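# A structural walkthrough
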Protein chains: 2
Amino acid sequence: MSAWVLPDHIADVLPSEARHIEEIRRNLLDMARCYGYELVMPPLLEHLESLLTGTGEALDLQTFKLVDQISGRMMGLRADSTPQVARIDAHLLNRAGVTRLCYCGPVLHTRPAAPHATREPLQLGAEIYGHAGLEADLEILELALDSLRAAKVDVLAVDLADVRIVNALLSQTTLSPQQTADVHAALASKDASALGALTTHAPADIAAALQHLTQLYGDASILEEARRVLPALPQIHEALDQLQWLAGHIEGASVSFDLADLRGYAYYSGARFAVYAAGAPDALVRGGRYDAVGSVFGRKRPAVGFSLDIKALVVAAGVPALRAAIRAPWGEDRSLRDVIAQLRAAGETVVCVLPGHESEVDEFQCDRELVQRDAVWCVTAL
Amino acid sequence: MSAWVLPDHIADVLPSEARHIEEIRRNLLDMARCYGYELVMPPLLEHLESLLTGTGEALDLQTFKLVDQISGRMMGLRADSTPQVARIDAHLLNRAGVTRLCYCGPVLHTRPAAPHATREPLQLGAEIYGHAGLEADLEILELALDSLRAAKVDVLAVDLADVRIVNALLSQTTLSPQQTADVHAALASKDASALGALTTHAPADIAAALQHLTQLYGDASILEEARRVLPALPQIHEALDQLQWLAGHIEGASVSFDLADLRGYAYYSGARFAVYAAGAPDALVRGGRYDAVGSVFGRKRPAVGFSLDIKALVVAAGVPALRAAIRAPWGEDRSLRDVIAQLRAAGETVVCVLPGHESEVDEFQCDRELVQRDAVWCVTAL
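Residue numbers restart at each chain and count upward from 1, following the sequence in its written direction. For this description, chains carry letters from A and ligands carry numbers from 1, given in the order in which they are written. Selection of residues for local features in this predicted model requires a pLDDT of at least 70, selection of side-chain atom pairs for listing and counting requires 80 or more, and totals for whole chains, interfaces and linings are taken over all residues. Side-chain numbers here rest on the full set of heavy atoms in the structure, without hydrogens or water.

### So, the pattern of salt bridges
- The term salt bridge refers to a pairing of a side-chain nitrogen on Lys or Arg with a carboxyl oxygen on Asp or Glu at a separation within 4 Å. Following the criterion strictly, the structure yields 50 salt bridges over all chains and no others.
- For Arg286 of chain A, the salt bridge goes to Asp282 of chain A, with nearest N and O atoms at 3.4 Å.
- A relative accessible area of 18% places Arg286 of chain A in the buried class.
- Only protein chains enter the accessibility calculation, which uses a 1.4 Å probe; a residue whose area is less than 20% of its type maximum is buried, one above 50% is exposed, and one in between is partly exposed. Using a relative accessible area of 40% as the deciding quantity, one classes Asp282 of chain A as partly exposed.
- Here the residues in one salt-bridge network are Glu22 and Arg26 of chain A together with Arg25 and Asp30 of chain B, joined through shared partners.

### Here we look at the relation of the copies chain A and chain B
- Here the copies are matched by least squares. The fit uses the C-alpha atoms of residues with pLDDT of at least 70 in both. Between chain A and chain B, the superposition needs a rotation of 180° and an axial shift of 0.0 Å, giving an RMSD of 0.0 Å. One copy is carried onto the other by what is essentially a two-fold rotation axis. Taking C-alpha positions as the reference, the residue of chain A nearest the rotation axis is Leu66 of chain A, at 3.3 Å.
- A share of 100% of the interface residues of chain A reappears at the interface of chain B, consistent with the copies meeting face to face through the same patch. Any pair of residues with heavy atoms lying within 4.5 Å of one another is described as a contacting pair.

### A few points about the sheet that holds strand β2 (residues 45–47) of chain A
All names here are of chain A.
- The pairing criterion is simple: DSSP has to find at least two bridges between the two strands. For helices the rule is a DSSP run of H or I covering at least 4 residues; for strands it is a run of E covering at least 2, with both sets numbered from the N terminus onward. Strand order in the open sheet formed by three strands is β2-β4-β3, with antiparallel pairing between adjacent strands. What marks the edges here is a single partner per strand, and that holds for β2 and β3 (65–67). The sheet shows a mean angle of 40° between the axes of neighbouring strands, direction not considered.
- In this structure, β2 lies alongside strand β4 (residues 74–77), joined through three bridges in antiparallel fashion. Note on β4: the bridge partner recorded for Leu45 is Leu77. Fitted lines through C-alpha atoms serve as axes, helices being fitted only where they are in contact, and the angles separating the N-to-C directions of these axes extend from 0 to 180 degrees.

### Focus: the interface of chain A and chain B
- Counting residues at the interface gives 94 residues for chain A and 94 residues for chain B.
- Summed over both partners, the accessible surface that disappears when two parts come together, traced with a 1.4 Å probe, is what is meant by buried area. With both sides pooled, the region where chain A packs onto chain B buries about 8600 Å², and carbon together with sulfur makes up 59% of that total.
- Connecting chain A to chain B are twelve salt bridges.
- Under this definition, polar contacts are N or O atom pairs within 3.5 Å; protein pairs additionally need one hydrogen-donor-capable and one acceptor-capable atom, and for neighbouring residues in sequence, both atoms have to be side-chain atoms. Taken together, the connections running from chain A to chain B amount to 36 residue pairs in polar contact (both at pLDDT 80 or more).

### Details of the domain arrangement of chain A
Residue and element names in this part refer to chain A.
- Start and end positions for the domains come from either an automated domain assignment or a database one. Taken domain by domain, chain A holds domain 1 (1–154 + 283–320), domain 2 (156–277) and domain 3 (323–381).
- Domain 1 and domain 2 are separated by 25 Å when their C-alpha centres are compared.
- Facing the 34 residues of domain 1 at the interface are 25 residues of domain 2.
- Together domain 1 and domain 2 conceal approximately 2400 Å² of surface at their shared face, both sides included; 66% is due to carbon and sulfur atoms.
- It is Leu134, Leu141 and Arg286 in domain 1 that bury the most area against domain 2; as a group they hold 26% of the surface buried on that side.
- On inspection of domain 1 and its partner domain 2, the count reaches zero salt bridges.
- The interface formed by domain 1 and domain 2 holds eleven residue pairs in polar contact (both at pLDDT 80 or more) in total.
- Listed by contribution, the elements that provide at least two residues to the side of domain 1 that touches domain 2 are α3 (57–62), α4 (82–93), α5 (134–150), β11 (285–289) and β12 (303–309).

### Notes on the environment of Ala375 of chain B
- Looking at the secondary structure, you find Ala375 of chain B in the loop between β15 (366–373) and β16 (376–381).
- Sequence-wise, Ala375 of chain B and Leu336 of chain B are 39 residues apart; in three dimensions their C-alpha atoms are separated by 10.0 Å.

Below, the structure is given as structure tokens:
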């Protein structure tokens, strides 16, 4: 096979898209900084147990494994940075108070997460550690929405869910881990009949409640319906109250609910959100609360955060303005070199035409030219 | 072993250093843009033969290998981006004229390149394709020097070399590939006796010339000496003429020569340079001409470029100014939320103190506070 063929779901990013990705990357990191989030850079490679502990099977299957030639131990390529940032909060920073962290870097997946997804997303995320209150959930949600707006993405809807509702119901049953996984799958696909078959031996009210869950998606009215049809378990009512509070504070986007939604990694422990935008088939941002994620690193702290893939974002983002450039001749003339240096210092792009290439079509977007008139160099329109 | 222990020569980058790395990354990419270099983002993973073709054993040993679950083929994690960018120029862009490309991203090494080196450098580089003349070599060298200055690095010296000199001498011998590799090693360590033992069967003038090479390092005077003591082979004189021209055009850095220097990857084909700076044990930038690097992708084009590791650069770089922040209370008050949004839109960092954490030492650098006076929110010094 030709040496230039890339693996499936792996691609080069060419100049125009790369420039756009870099622009969005900077805007989003600047937005996180404005909110007071400190940048960290966890490594691409870690010991496998550091990457996978407590994060469930989905992440394990997504993670490339290789052997460390130095130690002989198994290492993994990160498929998700969240457990790494939790490790940094728990072990390296180990602060008593609230810690806000953000990150941006590639992650690698053994198989694409969706039929047309890349196996090398550029993951950007932000997280708050140390605050259990909803104010942290709201700040993360607001930062996620502001980030999409900074990328000129047309935000359509915020979808809210809470894993505690399903967990509270299943805690009333004696299902095996495998059966529980099957129930999660049936709920995800809203497959009421499969759900019925799986819960024949569950308490009648729980089985009925799970059936109801497959219908409990839509606008705020379903919160009221949920209070009516779901068992009066304290975790369920706390979850419904919190979803209502969050929904009431979200500005500039319509809010919907899906109480059966369990998508994403297994580390979520409370309210969750997904943000949908025009031109994007799947959610562009997923986030929520995962209070237990740092416990394996010796420090169970309240945690809430979001992550997104800038490569997916750029498809839905508004097209950036093209940066124009100045074409200049190549020469050893001191005055020419000084003028070029001054223009570049002022932020201008100055492309020197190398000897013998004068007639070439300039690939860069040159709208001006540096020419000499009466021994003086000046910029003129092309 | 504890889950938080990282593999050897793999490290997290914590906030203060991460902020500095991000700042340098932006400055260097902006500098390349000012010179007219277009940004590309090659993937971390490729088929092994795409990454390794024609790049020699050193790169092969540095490259992590893993199996593609989709195709069953061997893939490699890039240990150097240069062959990838050559592939992009040759196959994807396939332009007739001069093409300037730059890139910035992590590369991974199976073993550290130096005793204290990271196995995950953040490689940034720039390359010109399509121009065989020295003007391209000079532009790349000038961009490399301007990049170090943009990172507030105190440039000490530029070291020039040219692989054509050693190659021209060895082309006059019948050494086996292994013997040739041994000669390269002896030259690198300037081991005259080992060199003598390896060249006992070589022509006397070539053996003598190789002995001379171990002494041919220092200031411009060694170019004259080289002309005297080295055989009058055309490639050698062309190389010496070009090194002299380049040295004459370098501004703002002292220039030295090391005609036996063969360090780095095997793809170099002409003049090479290494840039040294205060506070850095090894060269911070290595670059030069590698005209054959794209040939395996069906397009042998003149090519010259450089690369550097931002993680190594940041150690030698001047410390950046700390960005101050504003502390604000958390509240649902519309006027408070509006003021915070305005401050952030103006580029200020505003950290909201979450309820219950008022007494905490703020980890962010807050020098001002948002307080309410007579129903008006105003920023006051702390």
